[in-house]
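One-letter residues, chain by chain:
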Amino acid sequence: EVYSMLLSEISAIISSRRSKRTILICVLIVLLAEFLAWQSNFPGLFQLYPNGIPSKEIINPPTAAFLAGNSSGQFLQIILIWFMPIFIIMITLQRIIERTHGGSNYLLSTRMGTLDKFFVRSELVQFFIFSTFYMILFGCDFVVAIILFHKGTSFMGMEDSAKYSHLLHLEIEHPYVAYILFVIIVSLAFGLFSVVIYVLALSIRKTILVYPISLGLWIFMIALPYSSSYFTQPFIEYDWNEYIGSLISFLLICVVVITIGNVVIRLRSKHVYFK
């Protein structure tokens, strides 16, 4: 049943203009950021690239890739990462919000015996869809970065900072492996947060509030002392304590919200079913 629900959700995304436009916007943001990174490193454009430029003056592909945010396209990284909840809602969860408009949650009409299974399967579908989406998005961007900056070896002077950070030192020593791991972890984290938004969309009575609450929760997590940005951006000056603290903080908040949301939805469902 999970497989059929997954196919149904993918089919709904493919047939939705809003979903396809939002996905296209995400792709264009990433590609534009890569183009700006390339343009800033090769101001002579085709006349100079790649001939005549020493490899040590060309930024290396992992550092030039989207998540690293080390280029003139950094503002685009901020847009895509900071407003991630809105993009997720527009791709698929807007349909959930529309179904729950006016308090008529479609889950409330589900038979009580199948509600728990249905809800867990729906969460798994959301997690899989967005984990896969972001993995493909950031993975393809990395391939583009490798093609554009394949001769680059520069870390933009970060080697000095690596003296004070064991994590950064490892990233510089193994940049390709480090960036791939970041892509995987960030994609799974965004997939988990899509479940958080899904739960909010089903548990909040005034569904219009899903947008500001989801975005506000994400911005709050970024603004924490152990900011979520610590585990979403590689090649920056932090060490293991910041990285692990950031990841644990993110996971705890997500688990708490999902757990409370599950309880709220089940209580509301029982109330409506037996009323």
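Scoring rules and cut-offs
Residues numbered from 1 in each chain as written. Predicted model: local features only at pLDDT ≥ 70, side-chain atom pairs only at ≥ 80, totals over all residues. Heavy atoms only, no water. Helix = DSSP H or I, 4+ residues; strand = E, 2+ residues; numbered from the N terminus. Buried < 20%, exposed > 50% of the residue type's maximum accessible area, 1.4 Å probe, protein only. Contact = heavy atoms within 4.5 Å. Areas by Shrake-Rupley, 256 points an atom, 1.4 Å probe, with all protein chains shown as cover. Phe/Tyr/Trp six-rings, centres within 6.5 Å; stacked < 30°, edge-to-face > 60°. Axes fitted to C-alpha atoms, helices over the stretch in contact; angles between N-to-C directions. Left-handed = near helix turned anticlockwise from the far one by under 90°. Nonpolar A, V, L, I, M, F, W, Y, C, P; charged D, E, K, R; others polar. Patch = residues over 30% accessible without salt bridge, like charges linked within 9 Å, V, L, I, M, F, W, Y side chains within 5 Å. Salt bridge = Lys/Arg side-chain N within 4 Å of Asp/Glu carboxyl O. Core = buried A, V, L, I, M, F, W, Y, C linked by side-chain atoms within 4.5 Å. pLDDT = per-residue confidence, 0-100. Arc of directions from axis to C-beta. 1 Å grid on protein atoms, 1.4 Å probe; cavity = no way out; pocket = protein on both sides within 12 Å on 5 of 7 lines; lining within 4 Å. Points joined across faces, edges and corners; volume = space filled by probe spheres on them.

A.B. asks: Can you walk me through the overall build of the protein chain in this structure?
C.D. replies: A count of helices and strands for the protein chain gives 11 helices and 0 strands. Across the protein chain, helices and strands are ordered from the amino to the carboxyl terminus as α-α-α-α-α-α-α-α-α-α-α. Expressed as a percentage of its 275 residues, the buried residues of the protein chain come to 50%. At a minimum sequence separation of 6, the contacts of the protein chain that also span at least 24 residues come to 82%. Put simply, the protein chain shows about 13600 Å² of open surface, and 69% of that area lies on carbon and sulfur atoms.

A.B. asks: Whenever I open this one, the packing of aromatic side chains confuses me. Can you help?
C.D. replies: For any pair of aromatic rings, the description consists of the separation of the ring centres together with the inter-plane angle of the planes. A full pass over the atoms with the stated rule returns 17 aromatic pairs. Ring plane angle 85° and centroid distance 5.8 Å describe the contact between Phe190 and Trp218, whose orientation is recorded as edge-to-face. Of this pair, Phe190 sits in helix α8 (residues 175–203) while Trp218 sits in helix α9 (residues 210–223); the two residues are 28 residues apart in sequence, bridging distant segments of the chain. Looking at Phe190, the relative accessible area reads 0%, which means it is buried.

A.B. asks: Hey, could you run me through the packing of α8 against α9 in this one?
C.D. replies: Geometrically, a packed helix pair is captured by the angle between its two axes and the distance between the axes. Here α8 crosses α9 at 145°, and the two axes come no closer than 10 Å. With respect to the hand of their crossing, α8 and α9 are arranged in right-handed fashion. Residue-level inspection shows Phe190, Phe193, Val196, Ile197, Leu200 and Ala201 of α8 in contact with α9, the latter providing Val210, Ile213, Ser214, Leu217, Trp218 and Met221. Here the residues of the contact of α8 with α9 sort into 11 nonpolar, 1 polar and no charged.

A.B. asks: How should the environment of Val120 be read in this particular structure?
C.D. replies: Looking at where Val120 falls in the secondary structure, it is placed in helix α6 (residues 112–148). Assessed through its relative accessible area of 41%, Val120 is described here as partly exposed. It is 9.4 Å that separates the C-alpha atoms of Val120 and Val2, two residues lying 118 residues apart in sequence.

A.B. asks: Would you explain a nonpolar patch on the surface in this entry?
C.D. replies: Among the surface-exposed residues, Met135, Val177, Ile180, Leu181, Ile184 and Leu188 lie close enough to one another that they form a single nonpolar patch of about 470 Å² accessible area. In terms of residue count, the dominant contributor to the nonpolar patch is α8 (5 residues).

A.B. asks: What's the story with unusual backbone geometry in this structure? I'm lost.
C.D. replies: With glycine set apart, most residues show a phi of negative sign, and most peptide bonds adopt trans. Residue Phe235 is not a glycine yet carries a positive backbone phi of 60°. Checked against the element boundaries, Phe235 lands in the loop between α10 (229–232) and α11 (240–274). Judged by relative accessible area, Phe235 falls into the buried class, the value being 1%.

A.B. asks: Even after reading the chapter, I still don't get the nonpolar core, so can you show me in this structure?
C.D. replies: Where a protein is soluble and globular, its nonpolar side chains tend to be buried together. Formed by 78 residues in total, the largest nonpolar core has its most connected members in Phe66, Leu80, Tyr134, Phe138, Phe193, Trp218 and Phe250. Residues in contact with Phe193, not counting those within four places in the same chain, are Met84, Pro85, Ser214, Leu217, Trp218, Met221, Phe250 and Cys254.

A.B. asks: Can you help me understand the confidence of the model for the protein chain in this one?
C.D. replies: Caution applies to low-pLDDT parts of the model: their predicted coordinates are not meant to be read in detail. Per-chain confidence: the protein chain averages 84 in pLDDT, with 84% of residues scoring 70 or above. The model gives residues 102–106 a pLDDT under 50, and that stretch makes 12 contacts with residues more than four places away or in other chains.

A.B. asks: Even after reading the chapter, I still don't get helix α7 (residues 166–173), so can you show me in this structure?
C.D. replies: In an α-helix there are 3.6 residues to a turn, and that puts residues three or four apart on one side. Within the sequence span of α7, burial applies to Leu167, Leu168, Glu171 and Ile172. In an axial view of α7, the angular spread of the buried residues amounts to 135°, which keeps them on one side of the axis.

A.B. asks: Mind showing me how you'd approach the side chain of Ser122 here?
C.D. replies: Topologically, Ser122 is positioned in helix α6. Residue classification places Ser122 among the buried positions, given a relative accessible area of 5%. Among all residues touching Ser122, those that are not within four sequence positions of it are Met5 and Tyr198.

A.B. asks: In this structure, what is going on with the layout of surface pockets? I would like to understand it.
C.D. replies: Here the idea is plain: a probe the size of a water molecule rolls over the atoms and shows the empty space left. The space that makes up the largest pocket amounts to roughly 350 Å³. Along the wall of the largest pocket there are 18 residues; nearest its centre are Ile23, Thr132, Phe133, Ile136 and Leu137. Contributing elements (two or more residues each) for the lining of the largest pocket: α1 (2–15), α2 (17–41) and α6. Ranked by residue count, the leading element in the lining of the largest pocket is α6, at 9 residues. Its residues placed into classes, the lining of the largest pocket shows 16 nonpolar, 1 polar and 1 charged.

A.B. asks: So what exactly am I meant to see when it comes to the environment of Ala64 here?
C.D. replies: Position of Ala64 relative to the elements: it lies in helix α3 (residues 61–64). By relative accessible area, Ala64 is classed as buried at 6%. Leaving out residues up to four positions away in the same chain, Ala64 has contacts with Glu34, Ala37, Ile59 and Phe149.

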